[in-house]
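As a plain string of letters, each chain reads:
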Amino acid sequence: MGVRTVPELTYPDVGATREGPLPPGWRHVRHRVRLPAESFTAAGAAVLGWRLHRAAGIRIEADAPRAAPGVRVVSRLGVGPLRLAAPCAVVWAVDDERRAGFGYGTLAGHPARGEEAFVVTRDSSGAVWFEVRAFSRPDRWIMRAAGPLGRAFQRGYAWWLGRTLRRLCADG
């Protein structure tokens, strides 16, 4: 599955979370956590099928049951009038014997601009890892006003997803 450019994306460097260095001049997030042995298939399915995000307490509205290039997603976080909508489009996805996951990019209305990836890998020793990689910058007033708290939230969100996926894998 290759990288797909969606005309409405709000940032350049589409697909940069797939491999290699993240683009300079953006906030970068990278969080990596080891998952239980033999959890690659279950973890990959949880990531690609939106189960991870839903289990982490994020409302996900996707126009497909599985992440694939071009799929549009709206993540909703918060409560009542404080609920933020974050529209994105999947720009790349992978599902093979060593990697399973996807990257999505921001659309108009998202509080930030950039791209975020969620990938499960199995290394040559058989160890299973989950990684969140992202580059972003504020786009709406709420993210600009959040300042350092916004950056801390992004790091905390990546940590929370890793913790949630470890729990999902341990629970079977």
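The rules behind the values
- Residues numbered from 1 in each chain as written.
- Predicted model: local features only at pLDDT ≥ 70, side-chain atom pairs only at ≥ 80, totals over all residues.
- Heavy atoms only, no water.
- Helix = DSSP H or I, 4+ residues; strand = E, 2+ residues; numbered from the N terminus.
- Buried < 20%, exposed > 50% of the residue type's maximum accessible area, 1.4 Å probe, protein only.
- Contact = heavy atoms within 4.5 Å.
- Areas by Shrake-Rupley, 256 points an atom, 1.4 Å probe, with all protein chains shown as cover.
- Salt bridge = Lys/Arg side-chain N within 4 Å of Asp/Glu carboxyl O.
- Core = buried A, V, L, I, M, F, W, Y, C linked by side-chain atoms within 4.5 Å.
- Pairing = 2+ DSSP bridges.
- Phe/Tyr/Trp six-rings, centres within 6.5 Å; stacked < 30°, edge-to-face > 60°.
- Lys NZ or Arg CZ within 6 Å of the ring centre and 35° of its normal.

J.: Which residues make up the overall build of the chain, and what are the values?
T.: Across its full length, the chain carries 4 helices and 7 strands. Along the chain, helices and strands appear, N-terminal first, in the series β-α-α-β-β-β-β-β-β-α-α. Scored against the burial criterion, the 172 residues of the chain give a buried share of 47%. Pairs at least 24 residues apart make up 58% of the contacts formed inside the chain by residues separated by at least 6 positions. A total accessible area of about 8,600 Å² is found for the chain, and carbon and sulfur atoms account for 55% of it.

J.: So, the pattern of salt bridges: which residues are in play, and what are the values?
T.: Taken as a whole, this structure holds 4 salt bridges when the rule is applied. With its nearest N and O atoms 3.0 Å apart, the salt bridge here joins Arg 72 to Glu 8. You can see Arg 72 sitting in strand 3 (residues 72-77) and its partner Glu 8 sitting in the segment before strand 1 (27-35), a full 64 residues away along the chain. A relative accessible area of 33% means that Arg 72 is categorised as partly exposed.

J.: Summarise the nonpolar core; cite the residues concerned and give the values.
T.: In terms of nonpolar packing, the biggest core is built from 34 residues, with Leu 35, Phe 102, Val 120, Phe 130 and Leu 165 touching the most fellow members. Mapped by element, the contributors of at least two residues to this core are strand 1, helix 1 (40-48), strand 4 (84-95), strand 5 (99-106), strand 6 (112-122), strand 7 (128-138) and helix 4 (148-171). Among the elements that take part in this core, helix 4 stands out by supplying 6 residues, more than any other. Setting aside residues no more than four positions away along its own chain, Phe 130 makes contact with His 31, Arg 32, Val 33, Leu 35, Val 47, Leu 52, Phe 118, Val 119, Val 120, Leu 161, Gly 162 and Leu 165.

J.: Break down helix 1 for me, with residues and values.
T.: Inspection of helix 1 places Phe 40, Ala 43, Gly 44, Ala 46, Val 47 and Leu 48 among the buried residues, and these make up the whole buried set. At the C-terminal side of helix 1, Trp 50 shows a positive phi close to 75°.

J.: Break down the pairing of strand 5 for me, with residues and values.
T.: Within strand 5, 7 of the 8 residues are buried, which leaves it mostly tucked inside the rest of the structure. Both strand 4 and strand 5 contribute to a ladder of 7 bridges, which runs antiparallel. Paired with Ala 89 across the strands is Gly 105, a residue of strand 5. Hairpin geometry of strand 4 and strand 5 is characterised by an intervening segment of 3 residues between the two adjacent antiparallel strands. Where strand 5 lies against strand 6, 7 bridges are found, and the strand directions are antiparallel. Bridge pairing in strand 6 links Ala 100 to Val 120.

J.: Requested: an account of the pairing of strand 3, with residues and values cited.
T.: Judged from the 4 bridges that link them, strand 2 (residues 59-62) and strand 3 form a sheet pairing that is antiparallel. Bridge pairing in strand 3 links Arg 59 to Arg 76. Both strand 3 and strand 4 contribute to a ladder of 6 bridges, which runs antiparallel. Bridged to Val 74 within strand 4 is Pro 87.

J.: Tell me what's going on with the packing of aromatic side chains, and back it up with residues and numbers.
T.: We describe a pair of aromatic rings using the distance from one ring centre to the other and the angle between the two ring planes. Counting across every chain of the model gives 7 aromatic pairs. Here the aromatic rings of Trp 26 and Phe 135 are separated by 5.3 Å at their centres, their planes lie at 80°, and the arrangement is edge-to-face. Of this pair, Trp 26 sits in the segment before strand 1 while Phe 135 is found in strand 7, placing the two residues 109 residues apart along the sequence. Neither residue differs from the other here; Trp 26 and Phe 135 are each classed as buried. Aromatic pair Trp 50 and Phe 102: ring centres 5.2 Å apart, planes at 70°, arrangement edge-to-face. Of this pair, Trp 50 sits in the loop between helix 1 and helix 2 (51-55) while Phe 102 is found in strand 5, placing the two residues 52 residues apart along the sequence. Phe 102 shares its class with Trp 50; the two are buried. A connected cluster of aromatic rings, assembled from ring pairs, spans Trp 50, Phe 102, Tyr 104 and Phe 118. Positioned above the aromatic ring of Trp 129, the side-chain terminus of Arg 32 is 3.9 Å from the ring centre. The ring of Phe 40 carries the charged tip of Arg 122 above its face, separated from the ring centre by 4.2 Å.

As far as function goes, none of this settles anything; it's purely spatial.
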